[in-house]
Amino acid sequence: MQQNSKVFVGLDTSKLKIAVAVAEDGRQGEVRFLGEIDNTPEAVRRLVSKLSGKHRELLFCYEAGPTGYGLQRQISALGHECAVIAPSLIPKRPGERVKTNRRDALTLARLHRAGELTAIWVPDPGHEAVRELVRAREAAMADLREKRQHLQSFLLRHGRIFSGHKPWTRAHARWLSELIFEHPAQYLVLREYRQAIEDAEARLERLNQQVAEVVKTWSMAPVVEAYQALRGVALLTAVTFVAEIGDVRRFESPRQLMAYLGLVPCESSTGERVRRGSITKAGNPRVRRVLIEGAWTYRFPARMSRVLQERQEGLPAIVRAIAWKAQVRLCARYRRLMAAFLWAIGREIEPRSAA
């Protein structure tokens, strides 16, 4: 016989165990700890079966973390709601210094009942696979930067400074091959650093090609193609944005999307005082980085380059119109802001009087 119509189940997950707590419906409902189970599909199935035999409706939740979304997908497949919670948005009491699995599970159950938790969007397995590929490519890019920095530091310690216009070109490679050192070990170090860079470059190139191939068969491929109509948004930028954000239609407005990405100013206002600061940086750092990099292209006047025209071939007229409108507006806004700041500085500085 079912005892209660609804319970909220908090799960504190780890690699081997899951701590389980339940909060009965209603403000005065009991919140109790049920214990720990093994973090295996069979143990989770038995838990869900046991709870569903006692309660009519089960509402599960757990924190997003390294254990992924498998638990959420299993519970959803069993016919129950399961929310994955953003850990950074969980309310915490000031001065609370004790953290245990039991306490975390009880807190999740209680806050889930109160509606104080913020759930994140859970991608489907195919979308998650593309996201992992994109993140692997980003890790390869970071690895290449690190290995190049190792070589640059080695050269700087020995006073070898490239006088050319740009490093990591053919001219730079020829310059590296002509360097002379005093000790044979230094030649070995140079060779090892260059080999590590070549391997990292090959790895990054492989991943770039794999991303391009996978996107062709992805369900979000039309969206990725359409985003490339925008200036400053090439393939990798578009794929990164879609892989991390998913369908933007889940956001009610552009302002909500920008707030999600941490691209809105922080604010500390009280009474009549209004004080705004730098952007909050509260959202996805990967998407924020590629969007900021893309925004730099709007420093220059609006125009349709040959590459941009090729990217827009075959796209709907409405998409091309939106992309051109964005380019005209953003380029003009940059010029207006620059002119405004030049005017503000010029107002504060007086020219020298003529002799």
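- Per an unreviewed UniProt entry, the protein carries the name Transposase and comes from Microvirga ossetica.

## Details of the overall build of the protein
Thinking step 1. A count of helical and extended segments in the protein gives twelve helices and seven strands.
Thinking step 2. Compactness check: the protein gives a C-alpha radius of gyration of 27 Å against a globular reference of 20 Å for 355 residues, more than 25% above the reference.
Thinking step 3. Over its C-alpha atoms, taken along the principal directions, the protein stretches across nearly 90 × 65 × 50 Å.
Thinking step 4. Taking all 355 residues of the protein together, the buried fraction comes to 32%.
Thinking step 5. When contacts within the protein are restricted to residue pairs at least 6 apart in sequence, those whose partners lie at least 24 apart make up 58%.
Thinking step 6. In the form shown here, the protein has an accessible surface area of approximately 23,000 Å², with 54% of it arising from carbon and sulfur atoms.
Thinking step 7. Of the charged side chains in the protein, 58 are positive and 38 negative; the average position of the first set lies 4 Å away from that of the second.

## Quick word on the UniProt feature "domain: Transposase IS116/IS110/IS902 C-terminal" (unreviewed entry) in the protein
Thinking step 1. Feature annotation in UniProt assigns "domain: Transposase IS116/IS110/IS902 C-terminal" (unreviewed entry) to the following positions: residues 230–298.
Thinking step 2. Regarding residues 230–298, the helix share stands at 42% and the strand share at 10%, and the terminal C-alpha atoms are separated by 11 Å.

## As for the packing of aromatic side chains
To describe a pair of aromatic rings, one takes the distance between the centres and the angle between the planes.
Thinking step 1. Applying the stated criterion across every chain yields a total of six aromatic pairs.
Thinking step 2. With a centroid separation of 5.6 Å and an interplanar angle of 90°, the aromatic rings of Phe 181 and Tyr 187 are classed as edge-to-face.
Thinking step 3. The exposure class assigned to Phe 181 is buried, which follows from its relative accessible area of 6%.
Thinking step 4. Residue classification places Tyr 187 among the partly exposed positions, given a relative accessible area of 37%.
Thinking step 5. Ring centres of Tyr 227 and Phe 241 lie 5.4 Å apart, and the angle between their planes is 90°; this geometry places the pair in the edge-to-face category.

## Observations concerning the UniProt feature "domain: Transposase IS110-like N-terminal" (unreviewed entry) in the protein
Thinking step 1. In the numbering used here, UniProt assigns the "domain: Transposase IS110-like N-terminal" (unreviewed entry) feature to residues 9–156.
Thinking step 2. This span, residues 9–156, is 45% helix and 24% strand, and a straight line between its end C-alpha atoms measures 58 Å.

## A few points about the pattern of salt bridges
Thinking step 1. Counted according to the given criterion, the structure contains 19 salt bridges.
Thinking step 2. In this structure, Arg 286 engages Glu 138 in a salt bridge whose closest nitrogen and oxygen atoms are separated by 3.3 Å. Taken together, the residues span a long stretch of sequence, with Arg 286 in helix α10 (residues 285–295) and Glu 138 in helix α4 (residues 125–157) at a distance of 148 residues.
Thinking step 3. In this structure, a network of salt bridges that share partners links the residues Glu 138, Arg 286, Arg 289 and Glu 293.

## Some details on unusual backbone geometry
Thinking step 1. If you check the backbone angles, Trp 168 has positive phi at about 65° while not being a glycine.
Thinking step 2. Looking at the secondary structure, you find Trp 168 in the loop between α4 and α5 (170–177).
Thinking step 3. Given the relative accessible area of 26%, Trp 168 is considered partly exposed.

## Topic: the domain arrangement of the protein
Thinking step 1. Considered domain by domain, the protein is made up of domain 1 (6–114), domain 2 (125–218) and domain 3 (235–349).
Thinking step 2. When each unit is reduced to the centre of its C-alpha atoms, the spacing between domain 1 and domain 3 is 38 Å.

## As for the pairing of strand β4 (residues 55–63)
Looking along a regular strand, one sees side chains alternate from face to face of the sheet.
Thinking step 1. In the sheet, β4 pairs with strand β5 (residues 81–85) via five bridges, with the strands oriented parallel. Among the inter-strand pairings, Tyr 62 is bridged to a residue of β5, identified as Val 84.
Thinking step 2. With helix α2 (residues 70–77) bridging β4 and the parallel β5, this β-α-β connection has right-handed handedness.

## Some thoughts on the nonpolar core
Thinking step 1. If you look at the biggest cluster of nonpolar residues, it comprises 34 residues, and the most contacted ones within it are Leu 151, Leu 155, Trp 218, Val 224, Phe 241 and Ile 245.
Thinking step 2. Looking at this core, the elements with two or more residues in it are α4, α5, α6 (184–216) and α8 (235–245).
Thinking step 3. The dominant element in this core, judged by the number of residues it contributes, is α4, at nine residues.
Thinking step 4. Both domains that furnish three or more residues to this core are identified here as domain 2 (125–218) and domain 3 (235–349).
Thinking step 5. The contact partners of Leu 155, leaving out residues within four places of it in the chain, are Arg 160, Trp 175, Leu 176, Leu 179, Phe 181 and Leu 190.

## What about a positive patch on the surface?
Thinking step 1. Where like charges cluster on the molecular surface, the positive patch consists of Lys 325, Arg 329, Arg 333, Arg 335 and Arg 336.
Thinking step 2. The topology assignment puts Arg 335 in helix α12 (residues 317–348).

## What about helix α1 (residues 41–52)?
Thinking step 1. In this model α1 runs 16 Å from its N-terminal to its C-terminal C-alpha over twelve residues, within 8% of the 16 Å that 1.5 Å per residue would give.
Thinking step 2. All buried positions along α1 are accounted for by Ala 43, Val 44, Leu 47, Val 48 and Leu 51. Each buried residue of α1 sits inside an arc of 135° when the element is viewed along its axis, so together they form one side. In α1, the exposed positions angled more than 90 degrees off the buried face are occupied by Pro 41 and Lys 50.

## Describing α12
Thinking step 1. For α12, spanning 32 residues, the distance from its first C-alpha to its last is 47 Å, which sits close to the expected 46 Å at 1.5 Å a residue.
Thinking step 2. Here α12 has its buried residues at Ala 323, Gln 327, Cys 331 and Ala 332.

## Considerations on the state of the cysteines
In protein structure, a disulfide is the covalent linkage between the sulfur atoms of two cysteines.
Thinking step 1. Inspection of every chain in the model, using the stated rule, returns zero disulfides.
Thinking step 2. Cys 82 takes part in no disulfide bond, and the closest cysteine sulfur, belonging to Cys 61, lies 7.5 Å away.
Thinking step 3. Among the residues examined, Cys 82 registers a relative accessible area of 7% and is labelled buried.

Rules used throughout
Residues numbered from 1 in each chain as written. Predicted model: local features only at pLDDT ≥ 70, side-chain atom pairs only at ≥ 80, totals over all residues. Heavy atoms only, no water. Helix = DSSP H or I, 4+ residues; strand = E, 2+ residues; numbered from the N terminus. Rg over C-alpha atoms; globule rule 2.2 N^0.38 Å. Buried < 20%, exposed > 50% of the residue type's maximum accessible area, 1.4 Å probe, protein only. Contact = heavy atoms within 4.5 Å. Areas by Shrake-Rupley, 256 points an atom, 1.4 Å probe, with all protein chains shown as cover. Lys, Arg positive; Asp, Glu negative; His and termini not counted. Charge placed at Lys NZ, Arg CZ, Asp CG, Glu CD. UniProt positions renumbered as here; feature names shortened; annotations may be inferred. Phe/Tyr/Trp six-rings, centres within 6.5 Å; stacked < 30°, edge-to-face > 60°. Salt bridge = Lys/Arg side-chain N within 4 Å of Asp/Glu carboxyl O. Domains from an automatic or database assignment. Pairing = 2+ DSSP bridges. Right-handed = clockwise from strand over helix to strand, strands pointing away. Core = buried A, V, L, I, M, F, W, Y, C linked by side-chain atoms within 4.5 Å. Patch = residues over 30% accessible without salt bridge, like charges linked within 9 Å, V, L, I, M, F, W, Y side chains within 5 Å. Expected span 1.5 Å × (residues − 1). Arc of directions from axis to C-beta. Disulfide = S-S within 2.5 Å.

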